[in-house]
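Summary of the model geometry
So the chains spell out like this:
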Amino acid sequence: MIDIDQKTYTTQDGNNVIVLTPRGRLDITTAWQFRLKLQECISKLSRHVVVNLGQVNFIDSSGLTSLVAGMRDADKVKGSFRICNVHPEAKLVFEVTMMDTVFEIFETEQEALEGVPRSIAS
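Before going into details, it helps to say that this report is about the structure given with it. Numbering of residues starts from 1 in each chain and follows the order in which that chain's sequence is written. Only residues with pLDDT of at least 70 get local features here, since the model is predicted, and only at 80 or more are side-chain atom pairs given and counted; chain-wide, interface and lining totals rely on the full set of residues. Only heavy atoms go into the side-chain values, all of them from the structure, while hydrogens and water stay out.

This next bit is on unusual backbone geometry. Even without being a glycine, Lys-78 presents a positive backbone phi close to 55°. Relative to the helices and strands, Lys-78 resides in the loop between α2 (61-76) and β5 (80-84). To sort residues, take the accessible area from a 1.4 Å probe on protein chains only and compare it with the maximum for the residue type: under 20% means buried, over 50% means exposed, and anything in between is partly exposed. Under the relative-accessibility criterion, Lys-78 is labelled exposed at 56%. Non-glycine residue Asn-85 carries a positive phi angle of around 55°. In DSSP terms, a helix is any run of H or I states spanning at least four residues, a strand is any run of E spanning at least two, and both are numbered starting from the N terminus.

Should a side-chain nitrogen of Lys or Arg be within 4 Å of a carboxyl oxygen of Asp or Glu, the pair is scored as a salt bridge. Taken as a whole, this structure holds six salt bridges when the rule is applied. Here Arg-25 ties to Asp-27 by a salt bridge, and the two come within 2.9 Å at their closest N and O atoms. We classify Asp-27 as buried; its relative accessible area is 7%. Salt-bridge contacts for Lys-76 lead to Asp-73; the nearest nitrogen and oxygen are separated by 3.7 Å. Of this pair, Lys-76 and Asp-73 are both found in helix α2, three residues apart, which corresponds to roughly one turn of the helix. Judged by relative accessible area, Lys-76 falls into the exposed class, the value being 65%. Owing to a relative accessible area of 13%, Asp-73 belongs among the buried residues under this scheme. Three or more residues are tied together by salt bridges with common partners; here these are Arg-35, Asp-73 and Lys-76.

Two aromatic rings, taken as a pair, are described by how far apart their centres are and by the angle between their planes. Classification of ring pairs rests on two measures: the distance between centres of Phe, Tyr or Trp rings, Trp counted by its six-membered ring, which must be within 6.5 Å, and the angle between planes, read as stacked under 30 degrees, edge-to-face over 60 and tilted in between. For the structure on display, the rule yields two aromatic pairs. A ring pair is formed by Phe-81 and Phe-103, whose centres lie 6.2 Å apart and whose planes are at 40°; its orientation type is tilted. Of this pair, Phe-81 sits in strand β5 while Phe-103 sits in the loop between α3 (88-96) and β6 (104-106), and the two are 22 residues apart along the sequence. We note that Phe-81, like Phe-103, is buried. Ring geometry for Phe-94 versus Phe-103: centroids 6.0 Å apart, planes at 70°, classification edge-to-face. As far as the burial class goes, Phe-94 and Phe-103 line up, both buried. Distance and angle both matter: a charge sits over a ring if NZ of Lys or CZ of Arg is within 6 Å of the ring centre and within 35 degrees of the ring normal. The ring of Phe-58 carries the charged tip of Arg-25 above its face, separated from the ring centre by 4.0 Å.

Generally speaking, nonpolar side chains in soluble globular proteins are found buried as a group. Ranked by internal contacts, the top residues of the largest apolar core, which has 26 residues, are Val-51, Leu-53, Leu-67, Phe-81, Ile-83, Phe-94 and Phe-103. Secondary structure elements with two or more residues in this core: β2 (16-26), α1 (31-45), β3 (48-52), β4 (56-59), α2, β5 and α3. The element contributing the most residues to this core is α2, with five residues. In terms of nonpolar packing, the next biggest core, distinct from the first, is built from seven residues, Val-19, Val-50, Phe-106 and Leu-113 among them. To define a nonpolar core, start from buried Ala, Val, Leu, Ile, Met, Phe, Trp, Tyr and Cys residues and group those joined through side-chain atoms within 4.5 Å.

This is how it looks when you write it as structure tokens:
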């Protein structure tokens, strides 16, 4: 079971952004739950998602796959998918797999929220 904190922010132009903060490990045993949570948020709540990985100290290929799937879901609905605050121990996985070039990764949650493109207001 993975513990996922969920918050909603509203940007200046009225877009809702869901911030998900999973805790612990994002691996083969928890990635599917996180994947479902992302799907649900993007389809029901907002097409703009920020994933704060500050509390995730371990991520494996299935964890990365769930993030890629979330990014694709957001892309399909012309949303945005950002990652922020990557835990130092998890950062290496992003670098080794070149995923740090695939995702929009921000240092802080605030930067990720401010980075939501203003131009795609519906």
